[in-house]
Amino acid sequence: MKKLRKFFALFLIFVITLPLMSCADNTPGADTPHSKTGLYFDTVITITLYGDQAKAEKRLDNVFDMAKRYEGLLSDKKDGSDISRINDARGAWTTVDKDTVEAIEYAVKYSESSGGIFDLTVGALSDLWDFKNNTGTIPDDSAIKEALSHVDYRNVEIDGDKVRLKDPQAKIDLGGIAKGFIADKMKARLKKMGAKSGIINLGGNVLLIGSRPDGKKYTVGIQRPFSDDGTALFTVKARDMSVVTSGTYQRYFKKDGRIYHHILDLSNGYPYDNGLDSVTIITKKSTGADALSTTVFAMGLEKGLEYVNQTDGVEAVFVQTDGTITKSANVDKLYDYTLVR
């Protein structure tokens with residue numbers, strides 16, 4: 001049971017649903033939450049909708065079918081997925097689903113705009129480290145250098161519904177963007193089905209649908225780094241936004257007193273050692289929040305903060321390894337930030 005609790009806390013961003021009063025929606029049961037939880041993308045996902053139970057359950061079943069479908073398209077760890085087929089094609093053209101093409105196009109876009117700090121072809125390197133199963137093995141430096149030689153987003157070619165990798169040994173890994181992409185697709189589907197209030201939590205990647213039924217903002221808690229029980233470090237109140245955190249504590253192992261985490265520096269192939277424990281991004285679209293949380297973490301505090309402050313519609317909270325918290329310019333103005341003592 002202890003292992004299960006730790007797994008549930010691993011990627012925690014949680015939404016605190018406070019008692020609802022003065023409900024803006026007078027429909028009977030409008031303030032009643034209905035949730036469904038499952039295991040997809042190697043993490044626990046939970047979706048909560050408010051309102052009529054029968055409608056909520058139908059909508060939840062629909063988006064959980066989406067989760068299964070997208071895992072079968074976008075996971076590089078699932079045999080027969082679109083991404084696995086591209087990676088296994090050794091440079092040959094592979095026909096894939098239109099949603100797979102769209103996700104790859106987004107990932108290429110963020111790879112280009114970040115100058116390769118974010119790179120969807122990180123797969124050869126991330127496979128080498130294998131943080132999901134790694135309990136303390138550091139890859140050989142020569143193996144890291146070899147894997148890095150196959151990381152280059154410019155190797156991705158798209159032609160209609162066909163994709164190929166010009167480097168036969170390159171591998172696509174959409175782990176830095178897939179959950180955000182899927183969350184946005186789920187939100188669009190739920191709104192089309194009539195959902196007005198809800199919370200999509202894909203393993204800590206939170207996307208809010210509208211406001212709480214009483215018209216107030218949701219309170220989103222961000223985990224204290226390396227807290228086994230998921231204790232919150234801070235909360236932000238928001239509506240209709242995405243809140244995504246990239247942190248060293250999400251996937252890691254310890255070796256000789258040092259922490260090796262899953263956010264890899266593509267300049268040397270090793271985990272970043274830049275004084276940060278986490279970066280939380282708050283913005284409208286979850287696809288962007290997902291990619292930016294990794295990219296801004298990689299930039300480090302000074303450059304990352306400058307980048308966020310110059311980017312419209314994006315805010316961030318940085319947590320340094322010494323516990324210092326730094327917020328971008330408009331966090332307090334827009335999101336009712338509260339530090340949890």
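Remember, predicted model here, so these are calculated numbers, not experimental data.

Visitor: What is the right way to look at the packing of aromatic side chains in this model?
Guide: To describe a pair of aromatic rings, you give the distance between the ring centres and the angle between the ring planes. What the rule picks out here adds up to 14 aromatic pairs. For the pair F253 and Y260, a centre-to-centre distance of 5.3 Å together with 15° between the ring planes defines the contact as stacked. Judged by relative accessible area, which is 8%, Y260 ranks as buried. Relative to F297, the ring of Y272 lies with its centre 6.4 Å away and its plane at 75°, an arrangement referred to as edge-to-face. With Y272 in the loop between β13 (258–261) and β14 (276–283) and F297 in helix α8 (residues 286–309), this residue pair connects regions lying 25 residues apart in the sequence. Each member of the pair, Y272 as well as F297, is classed as buried. Geometry around Y110 places K109 over its ring, the cationic atom sitting 5.3 Å from the centre.

Visitor: For this particular structure, what's the right way to read the side chain of T326?
Guide: Relative to the helices and strands, T326 is located in strand β16 (residues 325–327). The class of T326 is buried, set by a relative accessible area of 19%. Ignoring sequence-local partners within four residues, the contact set of T326 consists of L301, L305, A316, V317, F318 and Q320.

Visitor: How should I be thinking about empty space enclosed by the protein in this particular structure?
Guide: Unfilled space is identified by rolling a water-sized probe across the atoms. Counted according to the given criterion, the structure contains one cavity of 30 Å³ or more. One number sums up the size of the largest cavity: a volume of about 1000 Å³. Elements represented by at least two residues in the lining of the largest cavity include exactly α2 (53–74), α5 (123–129), α7 (178–192), β11 (242–247) and α8. Looking at the lining of the largest cavity residue by residue, the classes come out as 18 nonpolar, 14 polar and 12 charged.

Visitor: How should I be thinking about the packing of α2 against helix α4 (residues 98–113) in this particular structure?
Guide: How two helices pack is summed up by the angle between their axes together with the distance between the axes. Where α2 meets α4, the closest approach of the two axes is 10 Å, and the angle between their N-to-C directions is 65°. Put simply, α2 runs roughly perpendicular to α4. Like other packed secondary-structure pairs, α2 and α4 cross with a definite hand, here right-handed. In this structure, α2 uses R69, Y70, L73 and L74 to contact α4, whose residues at the interface are D99, T100 and A103. Its residues assigned to classes, the contact of α2 with α4 shows four nonpolar, one polar and two charged.

Here is what the cut-offs are and how they apply
- Residues numbered from 1 in each chain as written.
- Predicted model: local features only at pLDDT ≥ 70, side-chain atom pairs only at ≥ 80, totals over all residues.
- Heavy atoms only, no water.
- Phe/Tyr/Trp six-rings, centres within 6.5 Å; stacked < 30°, edge-to-face > 60°.
- Buried < 20%, exposed > 50% of the residue type's maximum accessible area, 1.4 Å probe, protein only.
- Helix = DSSP H or I, 4+ residues; strand = E, 2+ residues; numbered from the N terminus.
- Lys NZ or Arg CZ within 6 Å of the ring centre and 35° of its normal.
- Contact = heavy atoms within 4.5 Å.
- 1 Å grid on protein atoms, 1.4 Å probe; cavity = no way out; pocket = protein on both sides within 12 Å on 5 of 7 lines; lining within 4 Å.
- Points joined across faces, edges and corners; volume = space filled by probe spheres on them.
- Nonpolar A, V, L, I, M, F, W, Y, C, P; charged D, E, K, R; others polar.
- Axes fitted to C-alpha atoms, helices over the stretch in contact; angles between N-to-C directions.
- Parallel < 35°, antiparallel > 145°, perpendicular 65-115°, else oblique.
- Left-handed = near helix turned anticlockwise from the far one by under 90°.

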